Amino acid sequence: MSAAAIEKAADELMANYADCIDDGRFDDWLELFTEDASYKVVARDNHDRGLPATMVLCTNKNMIRDRIAALLGATKYNFHYDRHVVGQLRVRPRSDDEWELRASYAVFQTSDEGRSSLFSVGRYDDRIRRQGDRLLFCAKTVVVDTFAIPGMLATPL
Amino acid sequence: MVENPAEGSVDIPEVKWSRNDYTRVPLWLYHDQQIYDAEQERVFRGPVWSYVALDVEIPNPGDFITTYVGDTPVIVNRDKEGAIRAMVNRCAHRGATVRRELRGNALEHVCIYHRWCYNLDGSLRGLPFRKGLKGKGGMSPEFDVAEHGMRPLRVAVHAGVVFATFSEDCEPLEEYLGPKVVSHLSRIFHRPIRILGYQRQRIRGNWKLYLENPRDMYHASLLHEFMSTFGINRFTHEGGLKMDDRHRHMIAWSRQGTDDETEFVELFKTNRVHESKMKLHDASILKCYREFDDGVTLSICSVFPNLVVHQIDNSLATRQVRTVDKDEFELYWTLFGYADDSEELTHHRLLQANLVGAAGLVSMEDAEAIEIVHRASAGDPDGCTIVEMGGGGPIRETDFHINDVACRGFWSYYAELMGIEPEGAVR
């Protein structure tokens, strides 16, 4: 794949990722991860200081599945819609079939009564891998600037 | 305990308690600006010890952190002799924030506005151009540097947990905590700890709702479905409530694995609570290394007015309540393990951090519960909350889960401090 083709495919993957969350299609969202994928949500100040604690830590896809199962079947949280706005992607090769992917994001939450507010800004520090003819996330790290979380963090960022 | 509680500069409206055992609490107490202002004076700046830091956060002379007592900004630092000191983070000159950083190391604190400079005990060391320039300008000759420091707080440390108070008459820390909380903190902090990280969470509710939340043991198995489904904590476990003699602090405790799983499932079905279909794909999060000889696998200790220390399986943390205003508070979570933990155990504690905090599988619901109480109760000047699980009357410890007795303990001490106790109040 050419650099341009990778960038286009990465762009498509990230757009899919955001759409799946914003549409509440979590089964489809799970399909964007490799079986060994990690998913982490990290506060920017802990990250910058090298402190290891995270807000969400899934070290394999089964743990990501469990997060979604809890979201849909156990935990209680505010009724809301999510809206992701993802900035310019930067893609850098790591190996023949893996790339680093970095982008800024903003997530707005809208209550079920239609009131919107900025919920989270930060960046994605991801790794993506070519698997067959698809690109998938093999490591997703969300570094959260808004680490004083408004209320609770239920839906993946 | 309280010399003259009603003697404050903030006037508060009359509080009509319908019962003297706090089984009914007026909802407007969560929403009144005068009450909030009085709380800052009579509770947070009153005769209580507030949690401000863990001593490992400031190991060396000059190390400082900035924090809050209620909504008052505070610096906590270690002085050159190694003693921990605390002072209001506010310049005596114009009221500016002196130390703007969250943490660091310094030999003095200097306000950027006019470069007033303070020692590590908060005393004013000096100010630029105090005598003016070439005989002109400068501070009045009678201005006394010794009288214009940052306001100091008294500091006391137990088991590495640092508390501070504005009060000169507050009893010694260990008396304030009482023997049960003293020994509980000694149990949790029995060997050197290592801080794993922090979480911050802003909840749109009155701070008192978070003091009640851990005191209400009734909610745990009902609200936190993940917790009861996977047996981290259940009504059917051996467990109960301990309190100090004044009932201002509490420890809820539980031993997992002491119940019958099928009995629990049946009970929750017949009580129409929930019948969870959830199965875990990776159950490693549920592993619980037994760390304490007493077999207690969950303990939630809440120290009046601003601290929770939790042990949930192998997740350990302090939670500091910082009031923002009457409608919002911040929870500041400090997650830790022990300095000599194996790599495997450290990883497990980090994994179990998934259970707690803003995204916690067994704690995110608390934020939602508090926000829905705060939202719906705002418009009801006559309504009360019902605090009667475990019965009314005298406030007593329990050897069972289904109670909210410690909430009444909270209100009784709160009312005493605020000077709003009903006639014949239980304590």
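Residues numbered from 1 in each chain as written. Chains lettered and ligands numbered in written order. Predicted model: local features only at pLDDT ≥ 70, side-chain atom pairs only at ≥ 80, totals over all residues. Heavy atoms only, no water.

1. Focus on the overall build of chain B
Secondary structure summary: chain B contains 9 helices and 19 strands in total. Taken over the C-alpha trace, chain B has a radius of gyration of 23 Å; the compact-globule value for 427 residues is 22 Å, and the two agree within 12%. The principal-axis extent of the C-alpha atoms belonging to chain B is close to 85 × 55 × 35 Å. Counting over 427 residues, chain B shows a buried share of 60%. Pairs at least 24 residues apart make up 66% of the contacts formed inside chain B by residues separated by at least 6 positions. (Helix = DSSP H or I, 4+ residues; strand = E, 2+ residues; numbered from the N terminus. Rg over C-alpha atoms; globule rule 2.2 N^0.38 Å. Buried < 20%, exposed > 50% of the residue type's maximum accessible area, 1.4 Å probe, protein only. Contact = heavy atoms within 4.5 Å.)

2. Some thoughts on the sheet that holds strand S13 (residues 238–243) of chain B
Sheets are built from strands that pair by backbone hydrogen bonding, the pairs being arranged parallel or antiparallel. Spatially, the 8 strands line up as an open sheet ordered S8(A)-S12(B)-S18(B)-S17(B)-S16(B)-S15(B)-S14(B)-S13(B), and their pairing is mixed. Of all strands in the sheet, those with a lone pairing partner are strand S8 (148–150) of chain A together with S13 of chain B, marking the two edges. Sheet twist, expressed as the average angle between the axes of neighbouring strands with direction ignored, equals 15 degrees. Note that strand S12 (residues 193–203) of chain B and strand S18 (residues 328–338) of chain B share 10 bridges and pair antiparallel. Paired with Ile195(B) across the two strands is Phe336(B), which belongs to S18(B). (Pairing = 2+ DSSP bridges. Axes fitted to C-alpha atoms, helices over the stretch in contact; angles between N-to-C directions.)

3. A few points about the confidence of the model for chain B
On average, residues of chain B score 95 in pLDDT, and 98% of them are at 70 or above. Reported for the predicted complex are a pTM of 0.96 and an ipTM of 0.97. (pLDDT = per-residue confidence, 0-100.)

4. Things to note about helix H3 (residues 207–215) of chain B
Most of H3(B) is tucked away, with 9 of its 9 residues classed as buried. Turning to H3(B), its buried residues are Trp207(B), Lys208(B), Leu209(B), Tyr210(B), Leu211(B), Glu212(B), Asn213(B), Pro214(B) and Arg215(B).

5. Here's the deal with the pattern of salt bridges
This model, assessed by the stated rule, comprises 41 salt bridges over all chains. Across the salt bridge formed by Glu225(B) and Lys76(A), the nearest N and O atoms sit 3.0 Å from each other. Remark: Lys76(A) occurs in the loop between helix H4 (61–73) and strand S3 (80–86) and Glu225(B) occurs in helix H5 (residues 225–229); the pair is interchain, linking two chains. Overall, the relative accessible area of 9% leaves Glu225(B) in the buried class. (Salt bridge = Lys/Arg side-chain N within 4 Å of Asp/Glu carboxyl O.)

6. Examining the pairing of strand S14 (residues 250–255) of chain B
All names here are of chain B. Within S14, 5 of the 6 residues are buried, which leaves it mostly tucked inside the rest of the structure. When S13 meets S14, the two strands line up antiparallel, connected through 6 bridges. Its bridge partner being in S14, Gly240 is matched across the sheet by Trp253. If you look at the hairpin formed by S13 and S14, you'll find 6 residues sitting between the two strands, and His247 has a positive phi there, around 65 degrees.

7. Here we look at unusual backbone geometry
Residue and element names in this part refer to chain B. Pro305 follows Phe304 through a cis peptide bond whose omega is 0 degrees. Residues other than glycine seldom take positive phi values, yet Ala159 does so here, at roughly 55 degrees. Mapped onto the elements of the fold, Ala159 is located in the loop between strand S10 (152–158) and strand S11 (161–165).

8. A few points about the packing of aromatic side chains
Residues and elements named next belong to chain A. Applying the stated rule across the entire model yields 28 aromatic pairs over all chains. Centroid distance Trp29 to Tyr39: 5.8 Å. Interplanar angle 80 degrees. Geometry classified as edge-to-face. Taken as a pair, Trp29 in helix H2 (residues 26–30) and Tyr39 in strand S1 (residues 33–43) lie far apart in primary sequence, 10 residues in all. With a centroid separation of 6.4 Å and 85 degrees between ring planes, the pair formed by Phe33 and Tyr39 is classed as edge-to-face. (Phe/Tyr/Trp six-rings, centres within 6.5 Å; stacked < 30°, edge-to-face > 60°.)

9. A closer look at the layout of surface pockets
If a probe the size of a water molecule is rolled over the atoms, the empty space left behind becomes visible. Here the largest pocket is characterised by a volume of approximately 700 Å³. Residue lining of the largest pocket: 23 residues in total, with Asn78(A), Ser111(A), Arg204(B), Glu371(B) and Arg375(B) positioned closest to the centre. Elements represented by at least two residues in the lining of the largest pocket include exactly strand S5 (98–111) and strand S6 (116–131) of chain A together with helix H8 (364–377) of chain B. Broken down by element, the lining of the largest pocket gets its largest block of residues, 5 residues, from H8(B). The residue makeup of the lining of the largest pocket, split by class, is 7 nonpolar, 9 polar and 7 charged. (1 Å grid on protein atoms, 1.4 Å probe; cavity = no way out; pocket = protein on both sides within 12 Å on 5 of 7 lines; lining within 4 Å. Points joined across faces, edges and corners; volume = space filled by probe spheres on them. Nonpolar A, V, L, I, M, F, W, Y, C, P; charged D, E, K, R; others polar.)

10. Section: the environment of Leu30(A)
All names here are of chain A. Inspection of the secondary structure assignment puts Leu30 in helix H2. Residues Leu30 and Ile68, 38 residues apart in the sequence, show an inter-C-alpha distance of 8.6 Å. Ignoring any residue separated from it by four or fewer positions in sequence, one finds Leu30 in contact with Lys61, Ile64, Arg65 and Ile68.

11. Side note on a negative patch on the surface
A cluster of like negative charges, contributed by Glu7(A), Asp11(A), Glu12(A) and Asp19(A), occupies part of the molecular surface. Mapped onto the elements, Glu7(A) comes out in helix H1 (residues 3–23). (Patch = residues over 30% accessible without salt bridge, like charges linked within 9 Å, V, L, I, M, F, W, Y side chains within 5 Å. Areas by Shrake-Rupley, 256 points an atom, 1.4 Å probe, with all protein chains shown as cover. Lys, Arg positive; Asp, Glu negative; His and termini not counted. Charge placed at Lys NZ, Arg CZ, Asp CG, Glu CD.)

12. Some thoughts on the packing of helix H1 (residues 33–44) of chain B against helix H9 (residues 405–418) of chain B
Residues and elements named next belong to chain B. Contact geometry of H1 with H9 gives a least axis separation of 9 Å together with a crossing angle of 85 degrees. In terms of orientation, H1 and H9 fall into the roughly perpendicular class. Across from Ile35, Ala38, Glu39, Arg42 and Val43 in H1, the residues of H9 making contact are Tyr414, Leu417 and Met418. Here the residues of the contact of H1 with H9 sort into 6 nonpolar, no polar and 2 charged. (Parallel < 35°, antiparallel > 145°, perpendicular 65-115°, else oblique.)

13. Here's the deal with empty space enclosed by the protein
Residue and element names in this part refer to chain B. Under the counting rule described, the total for this entry stands at 6 cavities of 30 Å³ or more. The wall of the largest cavity is formed by 22 residues, among which His219, Ala220, Met227, Asn233 and Ile300 lie closest to the centre. Those elements giving two or more residues to the lining of the largest cavity turn out to be H3, helix H4 (220–223), S14 and strand S15 (298–303).

14. Details of the pairing of S1(A)
Residues and elements named next belong to chain A. Counting buried residues along S1, 8 of its 11 residues qualify, which places the element largely inside the surrounding structure. Inspection of the sheet shows S1 paired to strand S7 (residues 134–144) by 7 bridges, in the parallel sense. Residue pairing for S7: Phe33 is matched across the bridge by Phe137. Here S1 runs beside strand S2 (residues 56–58); their pairing, made up of 3 bridges, is antiparallel. Each bridged residue has a counterpart across the sheet, and for Tyr39 the counterpart in S2 is Cys58.

15. Section: the interface of chain B and chain A
Residue-level contacts link 33 residues of chain B with 33 residues of chain A. Taken over both partners, the interface formed by chain B and chain A buries close to 3000 Å², and the fraction arising from carbon and sulfur atoms is 58%. Considering only the side of chain B, the residues that lose the most area to chain A are Arg200(B), His281(B) and Met364(B), jointly responsible for 17% of the buried surface there. Applying the counting criterion to the chain B and chain A interface returns 1 salt bridge. Viewed at the interface, chain A and chain B are joined by 15 residue pairs in polar contact (both at pLDDT 80 or more). For the side of chain B that touches chain A, the secondary structure elements donating two or more residues are S12, H5, helix H7 (343–352) and H8 of chain B. Of the residues in the side of chain B that touches chain A, the class split is 16 nonpolar, 7 polar and 10 charged. (Buried area = accessible area lost by both parts, 1.4 Å probe. Polar contact = N/O pair within 3.5 Å; in protein donor to acceptor, adjacent residues only side chain to side chain.)

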